[in-house]
Amino acid sequence: MKLVYFASVREAIGLSSEEYDVPQDACTVGDLVVRISARSQAHACALQDLSRLRFALDQNMVTGDTLLGTAQELAIFPPVTGG
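Report on the accompanying structure.

About the thresholds
- Residue positions are given per chain, counted from 1 along the sequence in the order it is written.
- It should be noted that, the model being predicted, local features are given only for residues of pLDDT at least 70 and side-chain atom pairs only at 80 or more, the latter also being counted only at that level, while totals for whole chains, interfaces and linings use all residues.
- Side-chain metrics rest on all non-hydrogen atoms present in the structure, leaving aside hydrogens and water.
- The working definition used for a salt bridge is a side-chain nitrogen of Lys or Arg within 4 Å of a carboxyl oxygen of Asp or Glu.
- We count a stretch as a helix when DSSP gives it H or I for four or more residues in a row; a strand needs E for two or more, and each element gets its number in order from the N terminus.
- Throughout this description, buried means an accessible area under 20% of the type-specific maximum (1.4 Å probe, protein chains only), exposed means over 50%, and partly exposed covers the range between.
- Note on contacts: a residue pair is in contact if any heavy atoms of the two residues lie within 4.5 Å.
- DSSP bridges decide pairing: two strands pair if at least two such bridges lie between them.
- Axis geometry follows a simple rule: fit a line to the C-alpha atoms, using only the stretch in contact for helices, then measure angles between N-to-C directions, giving values from 0 to 180 degrees.

## Observations concerning the pattern of salt bridges
Oppositely charged side chains may form a pair once their charged atoms are brought near each other.
(1) Moving on: One pass over the full model with this rule turns up two salt bridges.
(2) Moving on: With a closest N to O distance of 3.3 Å, Glu18 and Arg39 form a salt bridge. One end of the pair, Glu18, is in strand β2 (residues 17-19); the other, Arg39, is in the loop between α2 (29-36) and α3 (41-46), with 21 residues separating them in the sequence.
(3) Moving on: Judged by its relative accessible area of 39%, Arg39 is partly exposed.

## Regarding unusual backbone geometry
(1) Moving on: The backbone phi angle of Ala7 is positive, close to 55°, even though this residue is not glycine.
(2) Moving on: Among the secondary structure elements, Ala7 is positioned in helix α1 (residues 7-13).
(3) Moving on: For Ala7, a relative accessible area of 33% puts it in the partly exposed group.

## Notes on the environment of Leu74
(1) Moving on: Positionally, Leu74 belongs in strand β5 (residues 73-77).
(2) Moving on: Through-space distance from the C-alpha of Leu74 to that of Ser8 is 16 Å; in sequence the pair is 66 residues apart.
(3) Moving on: Ignoring any residue separated from it by four or fewer positions in sequence, one finds Leu74 in contact with Met1, Lys2, Leu3, Val4, Val29, Leu32, Val33, Ile36, Phe55, Ala56 and Leu57.

## Some details on the sheet that holds β5
(1) Moving on: Strand order in the open sheet formed by five strands is β2-β1-β5-β3-β4, and the pairing between neighbours is mixed. Only two strands of the sheet have a single neighbouring strand rather than two, namely β2 and β4 (60-62). On average, each strand axis in the sheet is tilted by 25° relative to the strand beside it, whichever way the strands run.
(2) Moving on: As judged from the four bridges shared by strand β1 (residues 2-5) and β5, these two strands associate in the parallel manner. Residue Leu3 lies in a different strand from β5, and its bridge partner there is Leu74.
(3) Moving on: Sheet strands in contact with α2 are β1, β3 (54-57), β4 and β5, and its direction is about 75° off that of β5.

Without other data, these values stay purely geometric and don't point to any function.
Written as C-alpha cells, this is what we have:
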C-alpha cells in the first residue's frame, strides 16, 4: 500500500510517501496506523494521537475504524482549518 503523508505528519516523518506491506492482521485504518507507528521513532511521534489525525483511503475521507478492504493508498494528515 502506498502511504502518503501531509503537512506536520510529513515533516515529522521526513517523507512525503512510502510503500508498506500491510500485515494480514491489520483490518482497519486504525490497526494499520498503529503498525506504521512502530516503523521508527519519527513515525511514532507523528502518529501518536490518532484522534488528532485525518485519513483518506484511495482519496475518500474515512475514520480510523474503516475497513481497509482492497485500498491501494492511505493518506494521513492533521486536521485542516480554513481562513
